[in-house]
Amino acid sequence: MLLAIETSCDDTCAALLDGGRILSNVISSQAAAHAGFGGVVPEVAARHHLELATPVVEAALAEAGATLDDLEAVAVTAGPGLIGALLVGVSTAKAIAASRRLPLIPVDHLQGHVAANFLEPEPLEPPFLCLVASGGHTQLAAVRDHERHEILGQTLDDAAGEAFDKVARLLGLGYPGGPVVQKEAQSGDPEAFEMPVAMQRDPGLDFSFSGLKTAVLYRCRELGEDGVRERRADLAASFQKAVVDQLVAKVRRALKKGHWEAVALGGGVAANGPLRAAVAELCERQGVALKLVPIALCTDNAAMIGSAARWAHPVAYPDYLGYDAFATGERMAA
Ligand code: KG4
Ligand code: ZN
């Protein structure tokens, strides 16, 4: 039995897995603690992880009907993410693993989002094309095996989720932005405001969302406070459509460039209803299989980290005692 811990941003998560089967998947969201700031405050996140780590691990064990004695290994997100937040998870995992002389399995957060697709029931077998869109990253990944993914294209500026969060703040909708913008957009007209659909003429597979965010900012300035309040749903719908259009256009282009038989989504933005519908329509038209994991496995969770850990490299006790988290880029050697 594997214990997995994920604390890269503002969700404190622990899960127990038996192979690809989820025995428990506990997520304690700190969203309320950050809502007043309109985004995640790194130091506040780290402090909350510190308070929540033990109860969340205990809840995951209890839900699975397990104890620490049942564990065979401990997996943890080593990066990328907020360094203070990551350190709490890595220290917790090291302490639990070291106390039982168990191996520690450091996992890359983005590989975790990809690996959510490998979970039971109906795990998706590579190769497939995976769009990973979260609060920190937006990338198209070629998944040719279970161990890693190759980045075919990525955002040149803001991440898609970051754009949702920033626009939610501009519209006075709170944090996290994705779900509230999606809800507001339901009663809006997606054609009401013309938004720049970036990177359409770019032949590559990269993304850009900062121009879109600026366009919303200018519309808000033109409309003034009362105007924004009146047209909030139209602004949300027009913005959301522009994000979805760009993401789908790049998936379409990637399908044209490569010969993929299956497409998968990952990351918090993959929870977006209109995005899921638009990718489903594209895949149906192109005759390509589509894998959509449940929404709880799109946003940050520890089950996906436990899934990726099955193909990651375990570090034996005591070699991981000096192991560090990493904020950006590639994992450093232990
Ligand atoms: O993967 P995730 O939980 O954390 C990171 O790794 O960043 O993604 C969080 C991001 C946030 O920016 C949030 O606004 C966005 O995913 N998100 C959504 C939706 N649910 C969450 N974006 C659009 N529509 C949603 N329904
Ligand atoms: Zn994530």
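Residues numbered from 1 in each chain as written. Chains lettered and ligands numbered in written order. Predicted model: local features only at pLDDT ≥ 70, side-chain atom pairs only at ≥ 80, totals over all residues. Heavy atoms only, no water.

K.L.:
What exactly am I supposed to notice about the site of ligand 1 here?
P.N.:
Inspection of the region around ligand 1 gives 19 residues, with Gly135, Asp165, Gly178, Gln182 and Asp300 positioned closest. A distance of 2.8 Å is found between an oxygen atom of ligand 1 and a backbone nitrogen or oxygen belonging to Gly135. At 2.9 Å, a side-chain N or O of Gln182 approaches a nitrogen atom of ligand 1. Computed on the free molecule, ligand 1 has an accessible area of 550 Å², of which 90% lies beneath the protein chains in the complex. Residue assignment for the shell around ligand 1 shows that the elements contributing at least two residues are α4 (109-115), α5 (160-170) and α6 (177-185). Top element by residues in the shell around ligand 1 is α6. It accounts for 4 residues. Each residue belonging to the shell around ligand 1 can be placed in one class, and the counts come to 4 nonpolar, 13 polar and 2 charged. Viewed by domain, the shell around ligand 1 spans two of them, domain 1 (2-114 + 300-322) and domain 2 (124-292), each represented by three or more residues. (Near = heavy atom within 4 Å. Polar contact = N/O pair within 3.5 Å; in protein donor to acceptor, adjacent residues only side chain to side chain. Areas by Shrake-Rupley, 256 points an atom, 1.4 Å probe, with all protein chains shown as cover. Helix = DSSP H or I, 4+ residues; strand = E, 2+ residues; numbered from the N terminus. Nonpolar A, V, L, I, M, F, W, Y, C, P; charged D, E, K, R; others polar. Domains from an automatic or database assignment.)

K.L.:
What is the right way to read the nonpolar core from this model?
P.N.:
One recurring pattern in soluble globular proteins is that nonpolar side chains are buried together. Formed by 79 residues in total, the largest nonpolar core has its most connected members in Phe128 and Phe239. Both domains that furnish three or more residues to this core are identified here as domain 1 (2-114 + 300-322) and domain 2 (124-292). For Phe128, the residues in contact, after removing those within four places along its chain, are Val114, Asn117, Phe118, Ala141, Ala142, Val143, Trp260, Ala262 and Ala264. (Core = buried A, V, L, I, M, F, W, Y, C linked by side-chain atoms within 4.5 Å. Buried < 20%, exposed > 50% of the residue type's maximum accessible area, 1.4 Å probe, protein only. Contact = heavy atoms within 4.5 Å.)

K.L.:
Just checking my understanding: could you explain the coordination of the zinc ion (ligand 2) for this structure?
P.N.:
A metal bound by six donors in octahedral fashion has ideal angles of 90 or 180 degrees, whereas one bound by four tetrahedral donors has an ideal angle of 109.5 degrees. Around the zinc ion (ligand 2), the protein contributes the donor atoms His109 (NE2), His113 (NE2) and Asp300 (OD), at 2.0 to 2.1 Å from the metal centre. Mapping the donors of the zinc ion (ligand 2) onto the primary sequence yields the spacing H-x3-H-x186-D. Note that His109 and His113 are positioned in helix α4 at a spacing of 4 residues, about one turn of the helix. A relative accessible area of 1% means that His113 is categorised as buried. (Donors = N, O, S within 2.8 Å, 3.2 Å for Na, K, Ca; no water.)

K.L.:
Before we go on, may I ask you to explain the packing of aromatic side chains in this structure?
P.N.:
The relation between two aromatic rings is expressed through the spacing of the ring centres and the mutual angle of the planes. Counted by the stated rule, this structure contains 5 aromatic pairs. Between the aromatic rings of Phe118 and Phe128, the centroid separation amounts to 6.0 Å while the plane-to-plane angle is 70 degrees, which identifies the pairing as edge-to-face. Here the residue Phe118 occupies a position in the loop between α4 and β6 (128-133), and Phe128 occupies one in strand β6, the gap between them amounting to 10 residues. For Phe118, a relative accessible area of 2% translates into the label buried. For Phe128, a relative accessible area of 0% translates into the label buried. Judged by centre distance (5.4 Å) and plane angle (75 degrees), the rings of Phe118 and Trp311 are edge-to-face. Taken together, the residues span a long stretch of sequence, with Phe118 in the loop between α4 and β6 and Trp311 in the segment after α9 (303-309) at a distance of 193 residues. Classification of Trp311 as partly exposed rests on a relative accessible area of 25%. Through a chain of ring-to-ring contacts, the aromatic side chains of Phe118, Phe128 and Trp311 assemble into a single cluster. (Phe/Tyr/Trp six-rings, centres within 6.5 Å; stacked < 30°, edge-to-face > 60°.)

K.L.:
Sorry, what's going on with the domain arrangement of the chain here?
P.N.:
Frequently, the measure chosen for interface size is the accessible area that the parts lose on association. Each assigned domain of the chain is listed with its residue range as follows: domain 1 (2-114 + 300-322) and domain 2 (124-292). Here the C-alpha centre of domain 2 lies 27 Å away from the C-alpha centre of domain 1. With 14 residues of domain 1 at the interface, the matching set in domain 2 holds 17 residues. The junction of domain 1 with domain 2 conceals about 1300 Å² of combined surface from both sides, 65% of it contributed by carbon and sulfur atoms. Per-residue buried area on domain 1 facing domain 2 is highest for Leu110, Val114 and Trp311; these three make up 42% of the total on that side. (Buried area = accessible area lost by both parts, 1.4 Å probe.)

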